[in-house]
Amino acid sequence: MNAFNILIAGVGGQGVLLTSKIIAEAALLQGLDVKQSEVHGMAQRGGSVLSQVRFGDQVFSPIVAEGEADLLIGFEPLETARYLHFLREDGIVVYNTRPIGTIGVSIGKEAYPQDIHDTIKKHASKVHPFDATNVAVEVGEKRAVNLVLMGAVLRFLPLKESVVDEAITNSVPKKVLDINRKAFLAGKAKNI
Amino acid sequence: MTKAILSGNEAIARGFLEAGGKVAAAYPGTPSTEVLEVLSREKGIHAEWSTNEKVALEVAIGSSLAGVRSMACMKHVGVNVAADPLMTVAYTGVNAGLVLMAADDPGMFSSQNEQDTRHYARMAKIPCLEPVDSDEARAYVRAAFELSESFDTPVILRTTTRISHCKSVVRTAEPAAVKDRDLARDVPKYVMLPANAKKRHLVVEERLAKLREYAETAAFNEVRPGKGDVGFIANGIAYQYVREAFPDAPVLKLGMTYPIPEKKVRGFAASVKKLAVVEELDGFVEELLKAMGVTVHFGKTAFPPCGELTSRTIREAVSGSAVACKLPVGGLIVRPPTFCPGCSHRGLYTIIAKLKLYVSGDIGCYTLGALPPFSSMHTCICMGASISGAHGISRGLALRGVLGQKPVAVIGDSTFLHSGITGLIDMVYNGGDALVVIMNNDTTGMTGGQEHAGTGRTASGAAAPKLDIGQLCQAIGAKRVREIDAYNLKELEQIMKEELAAPGTAVLISNQPCVLRYRVSKKPYRVVRETCVGCKACLKAGCIALSFVPEGKKGHAEVDALLCNGCGVCSQLCTTNSMVTDT
């Protein structure tokens, strides 16, 4: 298969890296070549975080080029909008509608864009918004937004559910595996 | 053999074990940190967080002398700190294999410059290896040790952020059976008195000539035949971008970028109509080629020396036409990094900003104090520069007769131990007049929370003697040393004012653990709507858990309970006691 390109965007601390780790691991289990890119250090301190996963028969660059993303997984609306230009024409967006303010918003210097959902709709054709934070809170673990989103995007991934499930088992710490699997199933069941 | 997805750094750690490596020493630095983090969990080897990169390399040199394969790991700017031993161990050579792993940061995701480590290889006249993915990173560690031992030279293994932090498929191998060597006793070889060093310099030049010969047939450098007029010479991640952009083009992959295989390069250049040399940062290989008289059609004029390259920039530069693509959505507000909710640096910067102090800064999370709302840093150069810089500022101002502007040095605990101590010794010894604030959060924060001599634990988590920073400062001769609570704004302001008024060097050590490293989670605050007058005083804390909700002519503050960590700094700024916590 040609490379399938995924962007995962969010805010430092939201668990973006775990989602990309699970997808990469699942692709490996399915026998594909896979590359994953992420950034550590200063960028992680509450800043904008982007992780990229590419898998297929053979993958060279770990970086998704503009206009080539098949799927954009957004953990937060503003961060989703920031990477829309990476989508290919019929690329899919699945994103969490719960906003997180920036430091500029917190100190009263800037306003969070009220029309962010319209902006996203305007710049992409296949958009699936839902409140993933709320699903995570309902499941009983506010930090499991990443697994909720993982479940929600499953139908758009050219990966078998069995390998994704195995990847979750391999990637999530044992003592929180149950609650995370619940979050995954809740995301999968969500009608988006 | 098993397959796994590993980052370049995890793969290097794996490669170290496969190569029979025994001693690894490092100072944390993005993007190099994870190599030692992985090794610190292994049994049967010695993996340590060293005080700084110079120490790390010297430890590795020592253990190489003792007869075991050794590696020092650091980020690119760490090589500056380790440059002193590096330049001379290049003369002595090694006993057991010695590798310096250095991670460059094109694009400066978490660095203060984007210097190119390959220049050090050329300056020291030692080999430089550059893997193109994680599996090669793993394999190159063993190859680097073998090269080190067969040519009696330290070897630089250079990565960049995308090699160190990108994950790709790795096929692991069984560890090699490596025989330890005897402790080296060879005075003319290892004691660099001038008389000995003169002879060793000749050896260095002879070794380099042999390495040039070796490079011609080394497996690191591989020609991939292809079609098309343009042939590419590429290294590291740029090789992947070239393959992505021009999958059918002929490519000479340079796994060894110093010394380069001159005959092989000439042959490749002659076999293509046009030659492109694609490398991130400096035109290092390109300049070597030009010095040989080889014509480079696409070099640094086509591929910029600043920031990262992409497959698109390469495609566009070589094809001469722009690739059509959408523009980013315009007008979006930015999301810069910021102090975590609950971070112990917040209270100090709130007071430093209030008192409008002149701050000589340093490298760590607290460098973020340069950003709004604090905007309280006026210089930041390198690890440890805050204290020596503040001393220089105070001497310069004194000579100009400027009074009442006592500079403040701001430095973290790990950075203070790394190279702030020497600055403080200098300041005390030479009659300095500055306030030194050591923000002690009991960890190396920015790189993800590593141990150091002040935490009381080694890299593997074992108990270790806990260095007392206050006692150390007193031993240096600082007369005014006080410990303060980083969350108590009133006390912070009062003590800071007292120490600014007193002549001479004063040291304040603020103590509160890093909330990330120690997973501190206190009850969140909430705003009492009835009494909040919407004065926005709390917003000066610069915390993402806070926001302002406009309502008619005024409005009120709000706390995001999911984000708040209960440090209470905002509640101390509140003018109407409307920030409360349910305890």
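This one's a predicted model, so the numbers in the text were calculated from it and none came from an experiment.

## Section: the overall build of chain B
Working step 1: Of the regular secondary structure elements, chain B holds 20 helices and 22 strands.
Working step 2: For a compact globule of 583 residues, the expected C-alpha radius of gyration is about 25 Å, and chain B comes in at 27 Å, within 12% of that figure.
Working step 3: Taken along the three principal axes of its C-alpha coordinates, chain B extends 80 × 65 × 55 Å.
Working step 4: Burial analysis of chain B (583 residues in total) assigns 58% to the buried set.
Working step 5: Within chain B, contacts between residues at least 6 apart in sequence are counted, and of these 75% link residues at least 24 apart.

## Let's talk about the environment of Glu 89 of chain A
Working step 1: Following the sequence through the fold, Glu 89 of chain A ends up in strand 5 (residues 87-96).
Working step 2: Separated by 57 residues in sequence, Glu 89 of chain A and Leu 32 of chain A have C-alpha atoms that sit 25 Å apart.

## Some details on the pattern of salt bridges
Working step 1: By the definition in use, this model includes 45 salt bridges over all chains.
Working step 2: The partner of Arg 88 of chain A in a salt bridge is Asp 70 of chain A, with the nearest N and O atoms 2.4 Å apart. Of the two residues, Arg 88 of chain A is situated in strand 5 and Asp 70 of chain A in strand 4 (residues 69-74); the sequence distance between them amounts to 18 residues.
Working step 3: By relative accessible area, Arg 88 of chain A is classed as partly exposed at 29%.
Working step 4: Linking Glu 130 of chain B and Arg 158 of chain B is a salt bridge whose minimum nitrogen-to-oxygen distance equals 2.7 Å. Of this pair, Glu 130 of chain B sits in the loop between strand 6 (128-129) and helix 7 (134-151) while Arg 158 of chain B sits in strand 7 (residues 155-160), and the two are 28 residues apart along the sequence.

## Quick look at the side chain of Glu 149 of chain B
Residues and elements named next belong to chain B.
Working step 1: Examined against the element boundaries, Glu 149 turns out to sit in helix 7.
Working step 2: Look at Glu 149 and you get buried, because its relative accessible area is 18%.
Working step 3: Here Arg 69 takes part through its side chain, which lies 2.9 Å from a polar atom of the side chain of Glu 149.
Working step 4: Beyond its immediate sequence surroundings of up to four residues, Glu 149 is in contact with Arg 69, Asn 95, Ala 96, Gly 97 and Arg 181.

## Notes on the domain arrangement of chain B
Residues and elements named next belong to chain B.
Working step 1: As far as domains go, chain B holds domain 1 (2-217), domain 2 (221-319), domain 3 (344-510) and domain 4 (525-581).
Working step 2: Of note, the centres of domain 3 and domain 4, computed from C-alpha atoms alone, are 29 Å apart.
Working step 3: In this assembly, 9 residues from domain 3 lie in contact with 9 residues from domain 4.
Working step 4: Buried area between domain 3 and domain 4, both sides added, is near 720 Å², and the carbon and sulfur share of it is 64%.
Working step 5: Among the residues domain 3 hides against domain 4, the three largest losses belong to Arg 346, Tyr 487 and Leu 489. Together they make up 67% of the total.
Working step 6: Here domain 3 and domain 4 share 0 salt bridges between them.
Working step 7: Inspection of the domain 3/domain 4 interface yields 4 residue pairs in polar contact (both at pLDDT 80 or more).

## Some thoughts on the interface of chain A and chain B
Working step 1: Contacts between chain A and chain B engage 54 residues on the former and 53 residues on the latter.
Working step 2: For the pair chain A and chain B, the summed buried surface comes to about 4,700 Å²; carbon and sulfur atoms form 62% of the total.
Working step 3: Where chain A packs against chain B, one counts 4 salt bridges.
Working step 4: For Arg 54 of chain A, the salt bridge is made with Glu 244 of chain B, and the minimal N-O distance between the two is 3.0 Å.
Working step 5: Inspection of the region where chain A meets chain B yields 14 residue pairs in polar contact (both at pLDDT 80 or more).
Working step 6: Those elements that provide at least two residues to the side of chain A that touches chain B are helix 1 (16-29), strand 2 (33-37), strand 3 (48-56), helix 2 (77-82), helix 3 (103-106) and helix 4 (116-123) of chain A.
Working step 7: Element by element, the count of residues in the side of chain A that touches chain B is highest for strand 2 of chain A, at 5 residues.
Working step 8: One ladder, built from 2 bridges, connects strand 2 of chain A with strand 8 (residues 167-171) of chain B; its direction is antiparallel.

## Some words on unusual backbone geometry
Residues and elements named next belong to chain B.
Working step 1: Omega for the peptide link from Thr 30 to Pro 31 comes to 5°, which places this bond in the cis form.
Working step 2: Within the secondary structure, Pro 31 sits in the loop between strand 2 (23-26) and helix 2 (34-39).
Working step 3: The peptide bond linking Tyr 258 to Pro 259 adopts the cis configuration, its omega dihedral lying at -15°.
Working step 4: Note on placement: Pro 259 falls in the loop between strand 12 (256-258) and helix 12 (262-271).

## Focus on helix 13 (residues 284-291) of chain B
Residues and elements named next belong to chain B.
Working step 1: Of all the residues in helix 13, the buried ones are Phe 284, Val 285, Glu 286, Leu 288 and Leu 289.
Working step 2: Against the buried residues of helix 13 lie helix 6 (118-124), strand 10 (230-234), strand 11 (251-254), strand 12, helix 12 and strand 13 (274-278).
Working step 3: Phi for Gly 293, located one or two positions after helix 13, is positive at around 85°.

## Some remarks on the side chain of Arg 335 of chain B
Working step 1: You can see Arg 335 of chain B is positioned in the loop between helix 14 (311-319) and helix 15 (345-354).
Working step 2: Residues in contact with Arg 335 of chain B, not counting those within four places in the same chain, are Val 11, Gly 46, Gly 47, Ser 48, Glu 76, Leu 78, Glu 79, Arg 82, Ile 100, Gly 101, Thr 102 and Tyr 112 of chain A.

The rules behind these values
- Residues numbered from 1 in each chain as written.
- Chains lettered and ligands numbered in written order.
- Predicted model: local features only at pLDDT ≥ 70, side-chain atom pairs only at ≥ 80, totals over all residues.
- Heavy atoms only, no water.
- Helix = DSSP H or I, 4+ residues; strand = E, 2+ residues; numbered from the N terminus.
- Rg over C-alpha atoms; globule rule 2.2 N^0.38 Å.
- Buried < 20%, exposed > 50% of the residue type's maximum accessible area, 1.4 Å probe, protein only.
- Contact = heavy atoms within 4.5 Å.
- Salt bridge = Lys/Arg side-chain N within 4 Å of Asp/Glu carboxyl O.
- Polar contact = N/O pair within 3.5 Å; in protein donor to acceptor, adjacent residues only side chain to side chain.
- Domains from an automatic or database assignment.
- Buried area = accessible area lost by both parts, 1.4 Å probe.
- Pairing = 2+ DSSP bridges.

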